[in-house]
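Here are the chains, one letter per residue:
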Amino acid sequence: MLRLQSAARNSTEWFENIERYLHLDPVQFNYSLLTRSQRISHENLRVRDKAWLEEQATSEKPRHSRPPMFTPFRLRDLRLKNRIVVSPMDQYRAIDGTPTDWHLVHYAERAKGGAGLVITEMTCVSPEGRISPGCTGLYAHEHEAAWKRIVDFVHAETDARIGMQLGHSGPKGSTQLGWETMDAPLPDDNWPVIGPSPVAWSPHNQVPREMTRADMDLVRDEFVWAAEMAARAGFDLLEVHCAHGYLLSAFITPLTNRRTDAYGGSLENRMRFPLEVYHAVRAVWPPAKPISVRISANDWVGEDGITPEDAVEIARLLGDAGADIINVSAGQTSMRARPVYGRMFQTPFSDRIRNETGIATMAVGNIYEPDHVNSILMAGRADLCCLARPHLADPYWTLHAAAQLGYRGETWPKPYLAGRDQLHRVASRSDASGIKV
Ligand SMILES: Cc1cc2nc3c(=O)[nH]c(=O)nc-3n(C[C@H](O)[C@H](O)[C@H](O)COP(=O)(O)O)c2cc1C
C-alpha cells in the first residue's frame, strides 16, 4: 500500500510540475514520463518495447549495448569512466585523525571494484570538528601523508578517481562510533562543541557554544588548510559536507540556526557562512578540479524546516557561487524528522534540483540495483548515482553490475581477468537482468 502511495505521489508530482521537464529532448521527455512513478524501470521498458528502448533511447545507440551507467562523465578536467560513485561512509577506524591500513584496503578495494568515483568519508578539518574519536582528519602532516598513500594507490592501480569529503561536525560532534550509540555523547572525555546557535542535537547532547565571528574565521581557515592538504595529496575532487546536521548544514536549516545577525534569518543569510567557506576553499583548490557540495534537501519536518523547494534555492546559490555538482542527500538534521523511505526515495529531490536549476547532481539513497541507476540517468533525474551500503556489502558492485548486464567494456584489474571471464560466462547462462514486471 505504501509503495502504491509513493508511486502515485511521484506520478502526481511529475504531472503537476511538467514545465520542469519541457527542456528535455522529446525522447528523454517521453522516458521521464514513462518512468515518472519510479515503478517502471529501464529493464521494464526493455521488456515492454525493446526496439523503442534500443533505437530511440539514444544513450544506448552510439555503442550498442553500453548501458547508461557506463557512459563517461566530465566535470571541469575530471573525466569519470562511468556514473557510479562510492558514497561517503565514515569508517570510524582512524587513530587521532590518521587513516590507517584499514582505510587503504577499504578505499583501494572499492576503487578496484569498478566505480568511477570513490568519495572518502567525512574527513574533519580539526580535532574538535570530528564526529567521533574514530573519524579521519586533514589537520596534521601525518594525515596528509596517509591520505596521499591511498590516493597514489588508487591512481597507480585503477582508473577510478577519488574525491575528499571535508566537514566539521558542529553540534553533532564528540559522539560515539557509528556501531555504538549513534549521535550519543561519549561516556567520558567529551570535547566542547560549537554551532550557529545554542541548540542541542538532543536532550542528551551538549548544547553547542554559539559561534562568534572569530570562530567563523578559524573554521573557514581550517577548511582552507584541509583543502590545501587534499590538493597536495592528489585528490581529484573535493566535496564540502553541508548536509546531515553537521556544522555547515546546521547553519542552513532554521531548525538549528536561530541567529539574529547576518548569518541567521532568511535563507540567504543562513547560506552566508557555508558560501564563505565554499569560496575560500575554491580559491585554493586547483581550478581544473571540481567541487561538489552535499546538502540535505529535506529536513522531513514540514514547513518549519528545509523543504525540497528550499533545496532548489540552496542549489541555485551554490551553483551561482561556482559549485560544479550538488550531491543531493536529505535529513539527519533533526530528531523530529519523519522521513518517507523507499527505493530511490531521495531521487525526486535530485530530479527537481537538476531540472529546475540546470546544475549537475548526484542522487543518493536506497539506489541498489543497476536498473535503478539506468532509469535515473536515462530520465535525467541525476548525472551520477551514489551508492553507500551496497558498496559495504560488495566493493565490486560495479563490475558485478556490468556482468549482470552483459557489458564487457569495464576495466578489471589485470590479475583478476580470469575471474571476470568466469563471471561473464556464468552470467550469460542465466537471465541475470533481474527484471520484475
Ligand atoms: C556506515 C555509514 C557511514 C556514513 N558516513 C557518511 C559520511 O561520512 N558522510 C556522508 O555524507 N554520508 C555518510 N553516510 C551516508 C551515505 O553516504 C548515504 O548518503 C546513505 O547511506 C544513503 O545511501 P545508501 O542507501 O546507498 O546507503 C554514511 C552511511 C553509512 C551507511
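Look up a bit, the structure's there.
Residues numbered from 1 in each chain as written. Predicted model: local features only at pLDDT ≥ 70, side-chain atom pairs only at ≥ 80, totals over all residues. Heavy atoms only, no water.

A.B. asks: Account for the environment of L33, naming residues and giving values.
C.D. replies: With respect to the helices, strands and loops of the structure, L33 is situated in helix 2 (residues 26-34). Using a relative accessible area of 25% as the deciding quantity, one classes L33 as partly exposed. Spatially, the C-alpha atom of L33 lies 40 Å from that of H155, the residues being 122 residues apart in sequence. Discounting chain neighbours no more than four positions away, the residues touching L33 are W14 and F15. (Helix = DSSP H or I, 4+ residues; strand = E, 2+ residues; numbered from the N terminus. Buried < 20%, exposed > 50% of the residue type's maximum accessible area, 1.4 Å probe, protein only. Contact = heavy atoms within 4.5 Å.)

A.B. asks: Give me the side chain of S334: which residues, what numbers.
C.D. replies: Examined against the element boundaries, S334 turns out to sit in the loop between strand 10 (325-329) and helix 11 (347-357). On the accessibility criterion, S334 (14% relative accessible area) is buried. Within the structure, the side chain of S334 is placed 2.9 Å from the backbone nitrogen of R336, a separation counted as a polar contact. (Polar contact = N/O pair within 3.5 Å; in protein donor to acceptor, adjacent residues only side chain to side chain.)

A.B. asks: Mind laying out the pattern of salt bridges, listing which residues take part and the relevant values?
C.D. replies: Within this structure, the stated rule accounts for 26 salt bridges. Residue K148 pairs with D152 through a salt bridge whose shortest N-O separation is 2.8 Å. Of this pair, K148 and D152 both sit in helix 6 (residues 141-157), separated by four residues, roughly a single helical turn. Counted as one network, the salt bridges with shared partners bring together R213, D217, R220, D221 and E276. (Salt bridge = Lys/Arg side-chain N within 4 Å of Asp/Glu carboxyl O.)

A.B. asks: Kindly report on the packing of helix 6 against helix 7 (residues 213-233), identifying the contributing residues and their values.
C.D. replies: Interhelical geometry of helix 6 versus helix 7 gives an angle of 40 degrees and a closest axis separation of 8 Å. Classified by the angle between their axes, helix 6 and helix 7 sit oblique to one another. Pair helix 6 / helix 7 crosses with right-handed handedness. Together, E144, W147, K148 and V151 of helix 6 and M229, R232 and A233 of helix 7 make up the contact between the two elements. A per-class count over the contact of helix 6 with helix 7 returns four nonpolar, no polar and three charged. (Axes fitted to C-alpha atoms, helices over the stretch in contact; angles between N-to-C directions. Parallel < 35°, antiparallel > 145°, perpendicular 65-115°, else oblique. Left-handed = near helix turned anticlockwise from the far one by under 90°. Nonpolar A, V, L, I, M, F, W, Y, C, P; charged D, E, K, R; others polar.)

A.B. asks: With reference to specific residues and values, describe the site of the ligand.
C.D. replies: Around the ligand there are 17 residues in total, and S87, P88, D90, N366 and R389 lie nearest to it. One nitrogen or oxygen atom from the side chain of R294 is found 2.8 Å from an oxygen atom belonging to the ligand. Within the backbone of N366, an N or O atom sits 2.7 Å from an oxygen atom of the ligand. Alone, the ligand offers 610 Å² of accessible surface; in the complex the protein occludes 81% of this. Looking at the shell around the ligand, the elements with two or more residues in it are strand 4 (117-124) and helix 13 (389-393). (Near = heavy atom within 4 Å. Areas by Shrake-Rupley, 256 points an atom, 1.4 Å probe, with all protein chains shown as cover.)

A.B. asks: Account for helix 9 (residues 267-284), with residues named and values stated.
C.D. replies: Its 18 residues give helix 9 an end-to-end C-alpha distance of 26 Å, which sits within 8% of 26 Å, the value for a rise of 1.5 Å per residue. Of all the bends found along helix 9, the most pronounced is centred on F273 and spans about 40 degrees, while P274, a proline, follows it within four residues. Buried-residue contacts for helix 9 involve helix 7, strand 8 (237-242), helix 8 (247-252), strand 9 (291-296) and helix 10 (308-321). (Expected span 1.5 Å × (residues − 1). Bend = angle between axes of the 7 residues up to and from the residue.)

A.B. asks: Explain the sheet that holds strand 5 (residues 161-167) to me, using residue names and the numbers behind them.
C.D. replies: A barrel is described by the order of its strands in space; here eight strands give the closed sequence 3-4-5-8-9-10-11-12, paired in parallel fashion. Taking each pair of neighbouring strands and ignoring which way they run, the sheet shows an average axis angle of 25 degrees. Sheet topology places strand 5 next to strand 8; four bridges connect them, and they run parallel. When the bridges of strand 8 are listed, G163 appears paired with L237. Each of strand 4 and strand 5 touches helix 6; the most contacted strand, strand 5, lies at about 155 degrees to it. Sitting on the sheet, helix 7 touches strand 5 and strand 8, and the angle it makes with strand 5 is about 165 degrees. (Pairing = 2+ DSSP bridges.)

A.B. asks: Account for unusual backbone geometry, with residues named and values stated.
C.D. replies: Of note, M344 is a non-glycine position whose phi angle comes to about 55 degrees, a positive value. On the secondary structure map, M344 appears in the loop between strand 10 and helix 11. The buried category is assigned to M344, whose relative accessible area is 4%. Phi is positive for N366, which is not a glycine, with a value near 60 degrees. By secondary structure assignment, the location of N366 is in the loop between strand 11 (360-364) and helix 12 (370-378). Look at N366 and you get partly exposed, because its relative accessible area is 26%.

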